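# Examining the three-dimensional arrangement
Here is how the chains run, residue by residue.
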Amino acid sequence: EGLKSELQSLPSITDEEIERGKNILLGALRRSLQTNSDWAYEISASEFFGLGFNFYKKFQDEVKSISPDQVRNTLMKYTKDKPVITIVVGPYNEKR
């Protein structure tokens, strides 16, 4: 039930929440590239997958450029009027 209520409240996500999410994502990316070997792996993997050696910078710019309206429109596209499916792993209590 908690997840269902969260999904229903997504369209009312605030601009501040969106900015905080973007900052968390970018901060995690920066923290993942703290050593020379981290950078070497990132650059080589980006080149291997055809993304270019500067994918890190392009990714940051793309995330920063996302508008709150783009986030809300995407949320509505993938959540509005879509059925919610519950998957239970383990014993299921139907009385809940």
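Residues numbered from 1 in each chain as written. Predicted model: local features only at pLDDT ≥ 70, side-chain atom pairs only at ≥ 80, totals over all residues. Heavy atoms only, no water.

## Some details on the overall build of the protein
On a plain count of helices and strands, the protein comes out with 5 helices and 0 strands. Ordered by position from the N terminus, the helices and strands of the protein form the series α-α-α-α-α. Computed over C-alpha atoms, the radius of gyration of the protein comes to 19 Å, more than 25% over the 12 Å expected from 2.2 N^0.38 for 96 residues, which places it beyond the range of a compact globule. C-alpha atoms of the protein, sized along the principal axes, occupy 55 × 35 × 25 Å. Every one of the 96 residues in the protein was classed for burial, and the buried ones make up 17%. Looking at the protein alone, contacts between residues at least 24 apart form 71% of all its contacts between residues at least 6 apart. Within the structure as shown, the protein displays about 8,100 Å² of accessible surface, and the carbon and sulfur contribution to it stands at 57%. Side chains of the protein give 14 positive and 14 negative charges; the mean places of these two sets differ by 2 Å. (Helix = DSSP H or I, 4+ residues; strand = E, 2+ residues; numbered from the N terminus. Rg over C-alpha atoms; globule rule 2.2 N^0.38 Å. Buried < 20%, exposed > 50% of the residue type's maximum accessible area, 1.4 Å probe, protein only. Contact = heavy atoms within 4.5 Å. Areas by Shrake-Rupley, 256 points an atom, 1.4 Å probe, with all protein chains shown as cover. Lys, Arg positive; Asp, Glu negative; His and termini not counted. Charge placed at Lys NZ, Arg CZ, Asp CG, Glu CD.)

## Some details on the pattern of salt bridges
Taken as a whole and assessed by the stated rule, the structure comprises 4 salt bridges. Between R72 and D15 there is a salt bridge, and its shortest N-O distance comes to 2.5 Å. Residue R72 is located in helix α5 (residues 68-79), and its partner D15 is located in helix α2 (residues 15-31); the two are separated by 57 residues in the primary sequence. Residue D15 is classed as partly exposed on the basis of its relative accessible area, which comes to 38%. Between R72 and D69 there is a salt bridge, with the nearest N and O atoms lying 3.5 Å from each other. Placement of both R72 and D69 in helix α5 is noted, with a separation of 3 residues, approximately one turn of the helix. Given the relative accessible area of 52%, D69 is considered exposed. In the salt-bridge network here, residues are joined through shared partners; they are D15, D69 and R72. (Salt bridge = Lys/Arg side-chain N within 4 Å of Asp/Glu carboxyl O.)

## Structural notes on α2
The end-to-end C-alpha distance of α2 is 24 Å, a good match for the 24 Å that 17 residues give at a rise of 1.5 Å each. Residues of α2 that are buried: I18, K22, L26, G27 and L29. Taken down its axis, α2 places every buried residue within 170 degrees of arc, on the same side. Turned more than 90 degrees away from the buried face of α2 sit E16, N23, I24 and R31, all of them exposed. (Expected span 1.5 Å × (residues − 1). Arc of directions from axis to C-beta.)

So, to be careful, I would describe these as geometric facts and stop short of saying anything about function.
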